[in-house]
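# Working through the structure, step by step
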Amino acid sequence: MRIAVLDHSLCKPKDCGASCVKFCPKNKTGVKTIFIDENTNKPKIIESLCVGCGICIKKCPFRALEVVNLPEELEENCIHRYGPNSFKLYKLPIPRTGLVLGLIGPNGTGKTTVLQILSGEIIPNLGVYDVNNVEKYKVIEHFKGTELQTYFRRLFNGDLKTSYKPQNIIDLHLSSNIKVSDFIEASAEYNAVNKVKDALNLSGLWNHKLNELSGGELQRVAIASTCVKDAHVYLIDEPTSYLDVYERIKVAKLIRSLVSKKEAYIIIVEHDLAVLDYLSDVICILYGKPGVYGIVSNTYGVRSGINAYLEGYLPIENVQIRKESIQFTIHPPAPEKPSERKTFQWGFMKKILGTFRIEVEPGQISRGEVVGILGPNGIGKTTFIKLIAGLIQPDEGYSPTSYLKLRVSYKPQYLSPPKNMTVKEFFDLIFKEQTSSHSIGNELIDFLDIRTLYNRKLEELSGGELQKIAIAGCLLRDAHIYLIDEPSAFLDIEQRLLLAKMIRKIILMREASAFVVEHDVILVDFIADSLIVFTGFPNIFGLASSPMKLRNGMNHFLKTVGITFRRDKKTKRPRVNKEGAYLDRLQKKIGEYYYFFIDEEE
Ligand code: ADP
Ligand code: ADP
């Protein structure tokens, strides 16, 4: 069986003379296999006639086409196809009441599609997309004898009330001038408002309007309004974007508390491994080819599911989903020998902004070094970065980069791309500014696999795509110092780890230095050589420590959060300990919050 998928946004048959149609060997023999569809003016591929030779893929200058071969048996498991020559989803997870089901997998494999199907937003068409009106009874019939049959029967009968937090909250609420209190109370159907307000610390925002909120605040409000609903099904897509570690833990606890509603189904999509692990009881893995097809795995226990995903092999299905496994080390990663030569040092700095005060302890950074920055939102991390970059001047002390005339490249937390600019135009502008060669640029662009996005407009990209472009843009600029704020937002686990590797490599290659603000604790361990930890009172006072060794920094930071990590015996991946459990108490006592491992034999 073949699946041919065409990315309409990339395909420009007028510019390439429809080379896919011209060069198709089946077309040449007179069998009309690929042709320009009169309705869309784009190529249409008849999958049943296609032999999968791959010539059209090679001839397409825009990389708009994908053709893959899949086992015939899979077809009976097709749940949904968006249309002809578009993404195909196979199988569905089986939600169970009273358990949190976590979905894990690369971006573009159908996790959001699954949530939309389970919420009733999309009625699955079982791959028969020619039918205009999808008939619900066919869906119920398809799942005969399984728990999904009961689920869909109840959903379609209106017996399952759903509460859904979508991935993108910014567009949804930013234009609205409704008050937070009105917004949350409007969706509250049982007496949970005060509980949720306390759990997510929303009192300070209660009278604010939605369009005044930052991304992190909006995220908490969106989660609150999802959790106060008296629903039978809670679907929560990427709850941690823009949240700091303290807020992530609070959100995770709130979502877990929904389990007390014994009859509720709870399904989440999350890329912060520590949070996903903490939240979920069971896991389904989505695998396939992003943008082309996705398959939902069987249900695994949370530990074995995440381990299988990291190892790249699903034992129940006997399927290898990745060539290499993702490895963790028990000890802090050895610094890849940042040079002894320091890039610069800074002295004590102080700055007052309105009612907020920041103090910065002295420090220094070496060439090739990546300093991770950890701390709650509103504690002054961005202000610190601006002080270092010389974008604002301190009231006491000196901004080091201003008087040393160091070049700084900055990726902000919130991305607002220029309108009407393609990815290629964006990169061309950056290349034009550079004095050095393009070799790093090409390597970076290959590494991030972003060439296919060249003709897309920046404002049309998904959150993850835009994040990759913004990071590439930041690293492509010739600078002495790179300031990268929350690079992981909207990226999947594999992209996060790839990115960590790439940031380290480029900083070493350039003999530059980097400061990276990051809230995914496991990623910080991958990315940083040393850590600056912020303490104080958010929105009132922030103190930035001098850079510390990774182990000391993690212990210092996690002590303020109050969480400890143990290691999974098989994969050595960090797992959050249950509060008050034996290891949690032991590790807190000996002050080893993160780099702790007991061998099975011991
Ligand atoms: P994930 O949540 O795993 O990132 P999604 O479910 O959002 O994946 O998307 C899976 C694929 O389906 C993507 O390639 C996406 O472009 C495609 N897709 C999503 N919505 C539509 C749609 N309405 N029409 C066509 N393709 C779509
Ligand atoms: P973080 O990056 O840790 O979230 P920020 O550095 O963005 O924190 O902000 C710290 C505090 O300083 C916040 O309370 C913010 O509202 C305040 N602040 C930032 N810039 C200004 C400014 N120009 N005027 C007044 N207050 C500001």
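Because the structure is a prediction, the values reported are computed rather than measured.

A few words now on the overall build of the protein. Along the backbone of the protein there are 23 helices and 28 strands. Radius of gyration (C-alpha) of the protein: 25 Å, near the 25 Å computed for a compact globule of 602 residues. Each of the three principal axes of the protein carries a C-alpha extent, and together these read 75 × 60 × 60 Å. Taking all 602 residues of the protein together, the buried fraction comes to 54%. If you take every contact in the protein between residues at least 6 apart in sequence, the share linking residues at least 24 apart comes to 70%. Here the protein displays about 26400 Å² of accessible surface, and carbon together with sulfur accounts for 50% of that area. Counting 79 positive and 70 negative side-chain charges, the protein places the centres of these two groups 2 Å from one another.

Moving on, we come to the packing of aromatic side chains. Going through the model one piece at a time under the given rule, you end up with 18 aromatic pairs. Both rings, one in Phe344 and one in Trp346, keep their centres 5.7 Å apart while their planes meet at 45°; by these two values the pair is tilted. An angle of 50° between the planes, with centres 6.1 Å apart, marks the rings of Phe427 and Tyr454 as tilted. Remark: Tyr454 occurs in the loop between α18 (439-448) and α19 (463-476) and Phe427 occurs in helix α17 (residues 423-433); sequence separation between them is 27 residues. Residue Tyr454 is classed as buried on the basis of its relative accessible area of 16%. Chaining the aromatic ring pairs together yields one cluster made of Phe143, Tyr151, Phe152, Phe156 and Tyr265. Its end group placed over the ring of Phe62, Lys12 keeps NZ or CZ at 5.9 Å from the ring centre. Over the ring of Phe23 we find Lys59; its NZ or CZ atom is 4.4 Å from the centre of that ring.

For the rest of this paragraph, the subject is the side chain of Arg567. Turning to its location among the elements, Arg567 is positioned in strand β27 (residues 565-567). Within the structure, Arg567 has its side chain in polar contact with the backbone oxygen of Lys572 (distance 3.1 Å). Other than its neighbours up to four places away in sequence, Arg567 contacts Thr329, Ile330, Lys572, Arg573, Pro574, Tyr594, Tyr595, Phe596 and Phe597.

By the criterion of burial, strand β1 (residues 2-6) is predominantly enclosed, with 4 of the 5 residues buried. By the bridge criterion, 5 bridges tie β1 to strand β4 (residues 65-69) in an arrangement that is antiparallel. Opposite Arg2, over in β4, you have Asn69 as the bridge partner.

Attention now goes to the packing of α18 against helix α20 (residues 493-510). One can describe the packing of α18 onto α20 by two numbers: an axis separation of 11 Å at closest approach and a directional angle of 175°. For the element pair α18 / α20, the angle class is roughly antiparallel. In this structure, α18 uses Ile440, Glu443, Leu444, Phe447 and Leu448 to contact α20, whose residues at the interface are Leu498, Leu499, Met502, Lys505, Ile506, Met509 and Arg510.

Helix α7 (residues 147-156) packs onto helix α5 (residues 111-119) with a crossing angle of 60° between their chain directions and a minimal axis gap of 9 Å. For the element pair α5 / α7, the angle class is oblique. Within the contact between the two elements, α5 uses Ile117, Leu118 and Ser119 and α7 uses Leu148, Tyr151, Phe152 and Leu155.

What follows covers the site of ligand 2. Leu353, Gly354, Phe356, Pro376, Asn377, Gly378, Ile379, Gly380, Lys381, Thr382, Thr383 and Asn539 make up every residue found near ligand 2. At a separation of 3.1 Å, an oxygen atom of ligand 2 approaches a polar backbone atom of Ile379. The separation between an oxygen atom of ligand 2 and a polar side-chain atom of Asn539 is 2.7 Å. Contact with the protein chains removes 61% of the 570 Å² of surface that ligand 2 exposes when unbound.

This part is about the site of ligand 1. Around ligand 1 lies a shell formed by Tyr82, Phe87, Pro106, Asn107, Gly108, Thr109, Gly110, Lys111, Thr112, Thr113 and Gly291. A distance of 3.5 Å is found between a nitrogen atom of ligand 1 and a side-chain nitrogen or oxygen belonging to Tyr82. The contact in question runs from an oxygen atom of ligand 1 to an N or O atom on the backbone of Thr109, over 3.2 Å. Isolated, ligand 1 exposes 570 Å² of accessible area, and the fraction of that covered by the protein chains is 60%. Split into classes, the residues belonging to the shell around ligand 1 amount to 3 nonpolar, 7 polar and 1 charged.

Domains assigned within the protein are domain 1 (2-69) and domain 2 (341-561). Taking the mean C-alpha position of each, domain 1 and domain 2 sit 41 Å from one another. In this complex, domain 1 contributes 6 residues to the contact, which on the side of domain 2 involves 5 residues. Overall, the association of domain 1 and domain 2 removes approximately 480 Å² of surface from exposure, summing both partners, and the carbon and sulfur fraction of that is 52%. Where domain 1 touches domain 2, the interface holds 0 salt bridges. Here domain 1 is connected to domain 2 by 1 residue pair in polar contact (both at pLDDT 80 or more). Partitioned by chemical class, the residues of the side of domain 1 that touches domain 2 number 2 nonpolar, 1 polar and 3 charged.

Of note in the backbone geometry, Lys91 takes a positive phi value of approximately 65° without being a glycine. Mapped onto the fold, Lys91 is located in the loop between β6 (88-90) and β7 (100-104). You can call Lys91 partly exposed: its relative accessible area is 30%. The backbone of Lys572 sits at a positive phi, close to 65°, despite the residue not being glycine. Inspection of the secondary structure assignment puts Lys572 in the loop between β27 and β28 (574-576).

Tallying each qualifying case throughout the model produces 27 salt bridges. Between Glu311 and Lys570 there is a salt bridge; the shortest N-O distance is 3.9 Å. Residue Glu311 is found in helix α14 (residues 302-311), and its partner Lys570 is found in the loop between β27 and β28; the two are separated by 259 residues along the sequence. Overall, Glu311 belongs to the partly exposed group, its relative accessible area being 30%. Each of Arg248, Asp272 and Glu486 takes part in salt bridges that share partners, so that together they form one network.

Rules and cut-offs
Residues numbered from 1 in each chain as written. Chains lettered and ligands numbered in written order. Predicted model: local features only at pLDDT ≥ 70, side-chain atom pairs only at ≥ 80, totals over all residues. Heavy atoms only, no water. Helix = DSSP H or I, 4+ residues; strand = E, 2+ residues; numbered from the N terminus. Rg over C-alpha atoms; globule rule 2.2 N^0.38 Å. Buried < 20%, exposed > 50% of the residue type's maximum accessible area, 1.4 Å probe, protein only. Contact = heavy atoms within 4.5 Å. Areas by Shrake-Rupley, 256 points an atom, 1.4 Å probe, with all protein chains shown as cover. Lys, Arg positive; Asp, Glu negative; His and termini not counted. Charge placed at Lys NZ, Arg CZ, Asp CG, Glu CD. Phe/Tyr/Trp six-rings, centres within 6.5 Å; stacked < 30°, edge-to-face > 60°. Lys NZ or Arg CZ within 6 Å of the ring centre and 35° of its normal. Polar contact = N/O pair within 3.5 Å; in protein donor to acceptor, adjacent residues only side chain to side chain. Pairing = 2+ DSSP bridges. Axes fitted to C-alpha atoms, helices over the stretch in contact; angles between N-to-C directions. Parallel < 35°, antiparallel > 145°, perpendicular 65-115°, else oblique. Near = heavy atom within 4 Å. Nonpolar A, V, L, I, M, F, W, Y, C, P; charged D, E, K, R; others polar. Domains from an automatic or database assignment. Buried area = accessible area lost by both parts, 1.4 Å probe. Salt bridge = Lys/Arg side-chain N within 4 Å of Asp/Glu carboxyl O.

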